[in-house]
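Remarks on the overall topology
Read off the chains here:
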Amino acid sequence: MTDEGVPAVRVMVVDDHPMWREGVARDLTEAGYHVVATTGEGRQAVRVAPATRPDVVVLDLQLPDVSGVEVLRALLAELPGVRVLMLSASGEQQDVLDAVKAGATGYLLKSAGPAEFLDAVGRTAAGDAVFTPGLAGLVLGEYRRIAAAPAPAGDDLPRLTERETEVLRLVAKGMSYKQIAGRLGLSHRTVQNHVQNTLGKLQLHNRVELTRYAIEQGLDD
Amino acid sequence: MYGVVPFAALCDGRSVPDSSSDAPGGRRRDPPGSSQAPLWRSIAVYRFAALAYVAVLAVRNLNDYAHPVAGAVLLLAMTGWTVCSAYAYADPTWRRWPLLLADLAVVLAVVLAAPRVVGRDVLNDGVPPPSVAWLAGPVLAWAVSGGRRRGVVAALVIGGTDLVARERFVQGSLTGAALMLLAGIAVGHVVRLAVVAEERLQQAVELEAATRERERLARGIHDSVLQVLALVQRRGAHLDGEAGELARLAGEQEAALRSLIASRAPTGLDRQEVDLRSLLGRYASATVSIAAPATAVPLPAGVAGELAAAVGAALDNVARHGGGRGWVLVEDDPAAVTVSVRDDGPGFPPGRLAEAAGQGRLGVAQSIEGRIADLGGTVRISSAPGEGTEVELRVPRGRTVPEQRADR
């Protein structure tokens, strides 16, 4: 949430359902955000992004023309540093994981209430990772998958520290950062940092993987 | 064609072919794609081919027969029955005991009549009877209609009768009986395989059609109803009273509908591995969150079913005694699968669990523990006042004992 007097955060809303889109835009405007663009198409979102310069993009993972993950990659290429809050219904787990690995700042279920949604947009604008319990489960699973998969020699695989695993498990079991901080005897900020780190390592690994792939395919020139 | 008459009576007047036949009350046909129709057609072809062979033998040896005229009549009768049975067996509703028994009876009559027509001395001189290969018709028909056992029975009856009717042991007759027996076994076996293959194919086709239809509906529902329900919930979530209640209901229905279209249809094969996530997916709702890896969590169907049932029992407990909200976390390690169920209820101090167990008030926990212990797993329950209650179910991988037990 933004306070009065602070320059309004610029938000773009990308969702193919018009009623939903307008509803979200209205909530954001009422909460003091500056909604700079709304669109239902991924390609259009990428096209208008440089001109409208949003700070935060609220992006539905399921779009009719291109996949949300592709839109996310294109947006990050056009506007490095833009923060993207992915929205989706449950049930597209691989998409959600791909999106956060590709650089989404956070993820929220579409069924979240307005207060939760506005809170998530606020945290996304501040650069904090927005996690649902479901996303924490996906990230835990991804680290285990990476650890179990046969790794190329000399590779530095991302690993969770014991503390990070502990924190992620508690997030996945629905505990708030405040509850986690209380149980583990940490500060709220430390818990937030641990969560952020789990995502950061995964995104870095993803970039390394993509670069390696590009070199292997001779596309690095 | 006068020789046909007595056999036409057996055929209930159906000896007159009627090929324009799908009219009501007319001949019925095998469903398209059935493996049965070609088998019956090939038996008919076999009968005609065998009849042609018999006719050639009979014409060549007619002058040696004791009663050449009776031989010709016998040949005509065999021709009549060949035509008659070909039409009768072509109708699936006719392939039952009356026709099978009549078929056997006619052939037995021919077997018994043959030595008298040809004359025993002539037969013993090595002249073949006017039946030989034609005798195997009912053996094939019985084998196709009921598998190996029926084929063997028909072969034994016909072969035995043939041996008895000749009253003297002839090597050729024994060879014929043995060949019929082998044909009965082989054809019966192949038919059984064909029937099983056809059933499997049918199941696969039905499953695929159901899955496709389900996916089509899921896409439609996802693009329309779910969006609107989510919107209703969203717009009304901050309202009080009836409107807020409506919004809450819309949210619940959205979650329920979503998990309904997301769940996969069961395949019905118990030995298969299933994805635990798809079994747990049906518990997802507005108040229950399911966190799981993005990749499948495969477990033997029996283990996954028990584990999912234990999670369901834990969630029932959450709904009754917890704060109403529940979180499920699925973790997949090489050594074990762990499912944690947490609620945000009041929780209880550490000593209370033992106390409750002592008073016999831990029915649910015990039923969960029983299920998981059967799978070789462990259950850990932890709670603290104000921190809700957590049930952790851990089932080791590589144990298929319960499934094998269920198979027996």
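Residues numbered from 1 in each chain as written. Chains lettered and ligands numbered in written order. Predicted model: local features only at pLDDT ≥ 70, side-chain atom pairs only at ≥ 80, totals over all residues. Heavy atoms only, no water.

Comments concerning the nonpolar core
Counted only if it meets this: Definition used in this section: a nonpolar core is a set of buried Ala, Val, Leu, Ile, Met, Phe, Trp, Tyr and Cys residues joined via side-chain atoms within 4.5 Å. Each residue is placed in one exposure class: buried if its accessible area under a 1.4 Å probe, protein chains only, is under 20% of its type's maximum, exposed if it is over 50%, and partly exposed if it falls in between. Counting from the N terminus, the helices are DSSP H or I runs at least four residues long and the strands are E runs at least two residues long. Residue contacts are defined here by distance: any two heavy atoms, one from each residue, within 4.5 Å place the two residues in contact.
Grouped together as the largest cluster of nonpolar side chains are 55 residues, with contacts concentrated most on Met-12, Leu-59, Met-86, Phe-131 and Ile-180 of chain A. The dominant element in this core, judged by the number of residues it contributes, is helix 6 (residues 133-148) of chain A, at seven residues. Every residue in contact with Met-86 of chain A, bar those within four places of it in the chain, is listed here: Leu-59, Leu-61, Gly-68, Leu-72, Ala-99, Ala-104, Gly-106, Tyr-107 and Leu-108 of chain A. Within the second largest apolar cluster, 42 residues are counted, among which are Met-78, Leu-99, Val-110 and Ala-155 of chain B.

Remarks on the sheet that holds strand 5 (residues 336-343) of chain B
Operational definition: Note: two strands are recorded as paired if DSSP finds a minimum of 2 bridges between them. An axis is simply a line fitted to the C-alpha atoms; with a helix, the fit covers only the stretch in contact. Between two such axes, the angle follows the N-to-C directions and lies from 0 to 180 degrees.
Here we have five strands laid out as an open sheet, ordered 2-4-5-7-6 (chain B), and mixed in their pairing. With partners counted over all chains shown, the strands left at the sheet margins are strand 2 (288-291) and strand 6 (378-383) of chain B, one partner each. Between one strand axis and the next, the sheet turns by 15° as a mean value, whatever way the strands run. Across the sheet, helix 7 (residues 162-172) of chain A lies against strand 2, strand 4 (326-332), strand 5 and strand 7 (389-396) of chain B, angled at about 135° from strand 4 of chain B, the strand it touches most.

A closer look at the UniProt feature "modified residue: 4-aspartylphosphate" (unreviewed entry) in chain A
Residue and element names in this part refer to chain A. Just so we agree on the cut-off: UniProt positions are given in the numbering used here, feature names are shortened, and annotations may be inferred rather than shown by experiment. Polar contact is the term for a pair of N or O atoms within 3.5 Å; when the atoms are in protein, one must be able to donate a hydrogen and the other to accept it, and sequence-neighboring residues count only if both atoms are side-chain atoms.
Look at the UniProt record and you will see "modified residue: 4-aspartylphosphate" (unreviewed entry) annotated at Asp-60. If you trace the backbone, Asp-60 turns up in strand 3 (residues 56-60). Taking relative accessible area as the criterion, Asp-60 reaches 1% and is therefore assigned buried. Excluding anything up to four places from it in sequence, Asp-60 contacts Val-14, Asp-15, Asp-16, Gly-68, Leu-87, Ser-88 and Lys-110. There is a polar contact of 3.1 Å between the side chain of Asp-60 and the backbone nitrogen of Gln-62.

Some remarks on the packing of aromatic side chains
Two measures describe an aromatic ring pair: the distance that separates the ring centres and the angle between the ring planes. Residues and elements named next belong to chain B. Basically, it comes down to this: When two rings of Phe, Tyr or Trp (its six-membered ring) have centres within 6.5 Å they constitute a pair, described as stacked for plane angles under 30 degrees, edge-to-face for angles over 60, and tilted for the intermediate range.
All chains considered together, the criterion is met by two aromatic pairs over all chains. Judged by centre distance (4.9 Å) and plane angle (15°), the rings of Trp-40 and Tyr-89 are stacked. Residue Trp-40 is found in helix 2 (residues 36-61), and its partner Tyr-89 is found in helix 3 (residues 68-90); the two are separated by 49 residues along the sequence. We classify Tyr-89 as buried; its relative accessible area is 3%.

Re the pattern of salt bridges
Residue and element names in this part refer to chain B. The test is simple: By definition here, a salt bridge exists when the distance from a side-chain nitrogen of Lys or Arg to a carboxyl oxygen of Asp or Glu is within 4 Å.
Applying the stated criterion across every chain, the model contains 21 salt bridges over all chains. Between Glu-245 and Arg-248 there is a salt bridge; the shortest N-O distance is 3.0 Å. Of this pair, Glu-245 and Arg-248 both sit in helix 10 (residues 241-262), three residues apart, which is roughly one turn of that helix. Glu-245 sits in the partly exposed class, given a relative accessible area of 36%. Residue Arg-248 is classed as partly exposed on the basis of its relative accessible area, which comes to 40%. The partner of Asp-332 in a salt bridge is Arg-397, with the nearest N and O atoms 2.8 Å apart. Taken together, the residues span a long stretch of sequence, with Asp-332 in strand 4 and Arg-397 in the loop between strand 7 and helix 15 (401-407) at a distance of 65 residues. On the accessibility criterion, Asp-332 (21% relative accessible area) is partly exposed. Taking the relative accessible area as the measure of exposure, Arg-397 reaches 25% and is therefore partly exposed.

A closer look at empty space enclosed by the protein
All names here are of chain B. Applicable threshold: Lining residues are defined by having an atom within 4 Å of a point belonging to a cavity or pocket. Those points lie on a 1 Å grid over the protein atoms alone, cavities being sets where a 1.4 Å probe fits but cannot get out and pockets being open sets with protein on both sides within 12 Å along at least five of seven lines. Grid points are joined across faces, edges and corners, and a volume is the space filled by probe spheres set on the points.
According to the stated counting rule, one finds three cavities of 30 Å³ or more in the structure shown. For the largest cavity, the calculated volume is near 50 Å³. Looking at the lining of the largest cavity, the elements with two or more residues in it are helix 9 (225-236) and helix 10. Per element, the largest residue contribution to the lining of the largest cavity is three residues, and it comes from helix 9.

Quick look at the confidence of the model for chain A
Short version of the rule: Per residue, pLDDT captures the predictor's confidence, and it can take any value from 0 to 100.
Mean pLDDT over chain A stands at 87; residues scoring 70 or higher make up 92%. The secondary structure element of chain A with the lowest average pLDDT is helix 9 (residues 188-216) of chain A, at 86, and the one with the highest is strand 1 (residues 10-14) of chain A, at 95.

Structural notes on the confidence of the model for chain B
All names here are of chain B. On average, residues of chain B score 78 in pLDDT, and 81% of them are at 70 or above. Between residues 1-25, whose pLDDT stays under 50, and residues either more than four places distant or in other chains, the model counts 27 contacts. Reported confidence for the predicted complex is 0.84 by ipTM and 0.58 by pTM.

With respect to the pairing of strand 6 of chain B
Residues and elements named next belong to chain B. Note that strand 6 and strand 7 share six bridges and pair antiparallel. Bridging from a neighbouring strand, Thr-378 pairs with Arg-394 of strand 7. Turn length for the strand 6-strand 7 hairpin, with the two strands adjacent in sequence and antiparallel, is five residues, and the turn residue Gly-386 shows positive phi of about 85°.

Describing the interface of chain A and chain B
Defined as follows: What counts as buried area is the accessible surface, traced by a 1.4 Å probe, that two parts surrender upon association, with contributions from both included.
The partner chain B presents 32 residues to the 35 residues of chain A that form the contact. Summed over both sides, the interface between chain A and chain B buries roughly 2800 Å², with carbon and sulfur atoms accounting for 52% of that surface. Considering only the surface of chain A that becomes buried against chain B, Trp-20, Arg-144 and Lys-173 of chain A emerge as the three largest contributors, covering 21% of it. Summed over the shared surface of chain A and chain B, the result is five salt bridges. A salt bridge links Glu-331 of chain B to Arg-144 of chain A; the shortest N-O distance between them is 3.3 Å. Taken together, the links from chain A to chain B amount to eight residue pairs in polar contact (both at pLDDT 80 or more). Elements with a contribution of two residues or more to the side of chain A that touches chain B: helix 1 (18-30), helix 4 (93-102), helix 5 (114-125), helix 6, helix 7 and helix 8 (177-184) of chain A.

Digging into the pairing of strand 1 of chain A
All names here are of chain A. Test applied: For a crossover, the right-handed case is the one in which the path from the first strand over the helix to the second runs clockwise, viewed with the strands pointing away from the viewer.
Among the five residues in strand 1, four count as buried, and that is most of the element. Handedness of the β-α-β unit built from strand 1, helix 1 and strand 2 (residues 34-39) comes out right-handed. The sheet contact formed by strand 1 and strand 3 spans four bridges and is parallel. By the bridge assignment, Val-11 is partnered in strand 3 with Val-56.

Some words on unusual backbone geometry
For Arg-53 of chain A, which is not a glycine, the phi torsion comes out positive at approximately 45°. Structurally, Arg-53 of chain A can be placed in the loop between helix 2 (42-52) and strand 3.

Re the environment of Ser-340 of chain B
With respect to the helices and strands, the residue Ser-340 of chain B is situated in strand 5. For Ser-340 of chain B, a relative accessible area of 0% gives the class buried. Ignoring sequence-local partners within four residues, the contact set of Ser-340 of chain B consists of Arg-169 and Lys-173 of chain A together with Trp-327, Val-328, Leu-329, Glu-331, Glu-390, Val-391 and Glu-392 of chain B.

With respect to the sheet that holds strand 4 (residues 83-88) of chain A
Residues and elements named next belong to chain A. Here we have five strands laid out as an open sheet, ordered 2-1-3-4-5, and parallel in their pairing. Where the open sheet ends on each side, the last strands, each with one partner, are strand 2 and strand 5 (106-109). Direction aside, the axes of adjacent strands within the sheet are offset by 20° on average. Helix 1 rests against strand 1, strand 2 and strand 4 of the sheet, and its axis sits at about 175° to strand 2. Sheet strands touched by helix 2: strand 1 and strand 2. Its angle to strand 1, the strand with the most contacts, is close to 170°.

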